[in-house]
Amino acid sequence: MSALEARLDEIKAEGRAALIGYLPVGYPSVDTSIAAMVAMVEAGVDIVEIGPPYSDPVLDGPVIQHAAATALQRGVRVDDTFTAVRAVADAGAQAVVMSYCNLMLSRGYARFAKDLREAGGAGVITPDLTPDTGQDWIEAARAEGIDTIFLAAPSTTRERMHMTVEASRGFVYATSLMGVTGARTSVGDAAAKVVTGAREAGAERVCVGLGVSTGKQAAEVATYADGVIVGSAFVKAMGDEGDLDALKIKVAELAAGVRGNA
Amino acid sequence: MTSSLQSAPGPFFGDFGGRFVPEALMPALDELTDAYEKARIDPAFTEELARLARDYTGRPSILTEVPRFAQHCGGATVWLKREDLNHSGSHKINNVLGQALLTKRLGKKRVIAETGAGQHGVATATAAALMDLDCVIYMGEEDTERQALNVARMRLLGAEVIPVATGTRTLRDAINEAFRDWVANVDTTNYIFGTAAGPHPFPAMVRDFQRVISVEAREQMLERGGLPDAVIACIGGGSNAIGSFDAFLDDDGVRLIGCEAAGEGVDTDRHAATLTGGRPGILHGSRSYILQDDEGQTLPSHSISAGLDYPGVGPEHTWLASIGRAEYWPVTDAAAMEAFRLLSRTEGILPAIESSHALAGAMTLGEELGPDATLLVTLSGRGDKDVEQAARWFDMLPGGDA
């Protein structure tokens, strides 16, 4: 069992879902983004999802696109991701990276996995790499003990769900809807169906992302998922000014949500 | 056993191609692949496509010999494959009619597309009007400005044009935005991809729909005495180039030359010559060459031609380059515009600025090979959409001489 899996099981034993918080590295600056990740851990995030900004983020909505573009303009580098991973690990939380695959390919899959392990990271979420096209990544990650976290969508077929669950380590990332990242007024019933489908295919740990932005939504998702993933709402709370107090308030709201206190 | 290079099926061409997309799109791409595999061998589909090609597009497109222009090509014999004469003004219609027919077979009512110069957007809007499909076109804001006439054409045809203001505000960002739309609306919507790039099945499928260019041209050349020494086409993503090359791939004596946009020069950072200045990576769903920095961030591209202003290239071209079957030459803005001027003045044919890159390649190759050579150049589109931009380049706008 990986460290990430053990942590998720520990949280489950507490009778709640995990809160997974996403922030892009370098927004609004490298130092502030890393301070924000540590602040999220202090405010109740269990697992930090760290995003190296990419020039062509096809699975991201306007909020994260803006953050990524701002970070790139200000000169963020992929190396900064590993600095952030180290800071999160030192703060006592599990650190996973969510990266578009060209950044990983450019560094080399083996080196990316090794650098992540050395920084204390647990796994990688790959939004544009699926198990059938990511076999060489899976081998590189296994060699370093890095969890491979793949996405399952409402459109995922039963056959593909089996493949996805089989190849995933840490958890399966269930996307709650068909669409890009960003807050939605309701999470809808598609998310529960994806989670059910993943569990039927043998997934032991399934976390839900896309569209969750309030404590109430988190509480609802926490009734059937092992973790709730929140990104755009945190990025928006922090804003261009890097307002860590506003971020902590938002994190506290979601942290209460995953404990059923919305 | 012969080992033909023609009509390679994908998803991989050598090390290039594949399908690197969010899981949410995988079932739709499987469904599209399956529908296409059935359609391509179904006479009901192929006969309908052939009928539209003949009665709507106006195929076969003619070959035109251009002797006065050829004087600027070392005196070689130069033939143009006239895709500019197709209905809607470019080769793009060949692909769009195929994909629009497939949309009907999939039972979907809405199509989306990206466009750079507007040629693919106009072709898609045209097919959508013909086949009663709702149509949304994503176009980079910078391109809507430099191709305003094509924006109006698409709107007149009933399409909604959405300017994309993110990133570099060009073709690449329009593709990103079209993918975002598709992820959210895949149940009702088919993505009519405009070039021979993107995730499988697009590179092979778009190639198949454009292959008619080389199938016709090869036959037409044989009727005129023999195969050409070289086939030359411009290349951005590479749909007209791969369509121009495919039927000639097994003719070892025929050189295949793709002319990339070198913008202000490949030694500057203002170009779009991906195979000359790029390296392997993954962009827009396939592994190919990309203009990218040392960390894998896509670099901004530049070309005077919006249709070639793209930092990627179709994976089959990268494969053909890697095995040495095709050559890819950089052609600058200035060289392309000189070819534009010459063809207009010597032959009375206004070429698209995209296609002018191929004409410039013919001028270079003709000088190299001399008067005994026969060159076949694909004129992928007409220059009506480029009149304002060309007139500005040559200082021909009224009052523009201040």
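Residues numbered from 1 in each chain as written. Chains lettered and ligands numbered in written order. Predicted model: local features only at pLDDT ≥ 70, side-chain atom pairs only at ≥ 80, totals over all residues. Heavy atoms only, no water.

(A) Structural detail: the overall build of chain B. Scanning chain B for helices and strands turns up 16 helices and 14 strands. Rg of the C-alpha trace for chain B: 19 Å, near the compact-globule value of 21 Å for 402 residues, within the 12% margin. Seen through its principal axes, chain B has C-alpha atoms that stretch 60 × 55 × 45 Å. Within the span of chain B, comprising 402 residues, buried residues form 64% of the whole. Residue pairs in contact within chain B that sit at least 24 positions apart in sequence constitute 75% of those at least 6 positions apart. Of the roughly 13,900 Å² of accessible surface on chain B, a fraction of 51% belongs to carbon and sulfur atoms. Both charge centroids of chain B, one from 35 positive and one from 56 negative side chains, sit 4 Å from each other. (Helix = DSSP H or I, 4+ residues; strand = E, 2+ residues; numbered from the N terminus. Rg over C-alpha atoms; globule rule 2.2 N^0.38 Å. Buried < 20%, exposed > 50% of the residue type's maximum accessible area, 1.4 Å probe, protein only. Contact = heavy atoms within 4.5 Å. Areas by Shrake-Rupley, 256 points an atom, 1.4 Å probe, with all protein chains shown as cover. Lys, Arg positive; Asp, Glu negative; His and termini not counted. Charge placed at Lys NZ, Arg CZ, Asp CG, Glu CD.)

(B) Examining the interface of chain B and chain A more closely. Taken residue by residue, the interface counts 31 residues in chain B and 36 residues in chain A. Taken over both partners, the interface formed by chain B and chain A buries close to 2,600 Å², and the fraction arising from carbon and sulfur atoms is 51%. Of all residues in chain B, Glu23, Arg180 and Glu295 of chain B give up the largest surface area on contact with chain A, accounting jointly for 29% of the area buried on that side. At the junction of chain B with chain A, the criterion picks out four salt bridges. (Buried area = accessible area lost by both parts, 1.4 Å probe. Salt bridge = Lys/Arg side-chain N within 4 Å of Asp/Glu carboxyl O.)

(C) Quick look at the environment of Gly258 of chain B. Looking at the element boundaries, Gly258 of chain B is found in strand 10 (residues 255–263). When sequence neighbours within four positions are dropped, the list of residues in contact with Gly258 of chain B reads Ala233, Ile235, Phe245, Glu327, Tyr328 and Trp329 of chain B.

(D) Just the environment of Ala246 of chain A, in detail. Residue and element names in this part refer to chain A. Tracing the chain through its elements places Ala246 in helix 12 (residues 244–258). Its relative accessible area of 24% is what places Ala246 among the partly exposed residues. Between the C-alpha atoms of Ala246 and Phe234, which are 12 residues apart in sequence, the distance is 8.9 Å.

(E) Main features of the domain arrangement of chain B. Residue and element names in this part refer to chain B. Along its sequence, chain B is carved into domain 1 (13–54 + 92–206) and domain 2 (58–89 + 210–393). One C-alpha centre belongs to domain 1, the other to domain 2; they are set 22 Å apart. With 42 residues of domain 1 at the contact, the number on the domain 2 side is 47 residues. For the pairing of domain 1 and domain 2, the buried interface totals around 3,300 Å² over both sides, and the portion due to carbon and sulfur atoms is 56%. For domain 1, the biggest contributors to the area lost against domain 2 are Phe16, Asn94 and Arg172; these three give 20% of the whole. Connecting domain 1 to domain 2 are one salt bridge. The salt bridge partner of Asp309 is Arg146, with a shortest N-O separation of 2.8 Å. Here domain 1 is connected to domain 2 by 18 residue pairs in polar contact (both at pLDDT 80 or more). (Domains from an automatic or database assignment. Polar contact = N/O pair within 3.5 Å; in protein donor to acceptor, adjacent residues only side chain to side chain.)

(F) Here's a closer look at helix 4 (residues 78–90) of chain A. Residues and elements named next belong to chain A. Its 13 residues give helix 4 an end-to-end C-alpha distance of 19 Å, which sits within 8% of 18 Å, the value for a rise of 1.5 Å per residue. Every buried residue of helix 4 is accounted for by Val78, Asp80, Thr81, Phe82, Ala84, Val85, Ala87 and Val88. Packed against the buried residues of helix 4 are helix 2 (30–43), strand 2 (47–51), strand 3 (94–98), helix 5 (101–107) and helix 6 (109–119). Where helix 4 ends, the next residue or the one after it, Gly92, has phi of about 95°, a positive value. (Expected span 1.5 Å × (residues − 1).)

(G) Local environment of unusual backbone geometry. Residues and elements named next belong to chain B. Along the chain, Gly10 connects to Pro11 via a cis peptide bond; the corresponding omega equals 0°. Residue position: Pro11 is located in the segment before strand 1 (12–13). With phi around 60°, Asp132 is a residue other than glycine that occupies positive phi space. Within the secondary structure, Asp132 sits in the loop between helix 5 (119–131) and strand 6 (134–140). Non-glycine residue Asp395 carries a positive phi angle of around 55°. Relative to the assigned elements, Asp395 resides in the segment after helix 16 (387–393).

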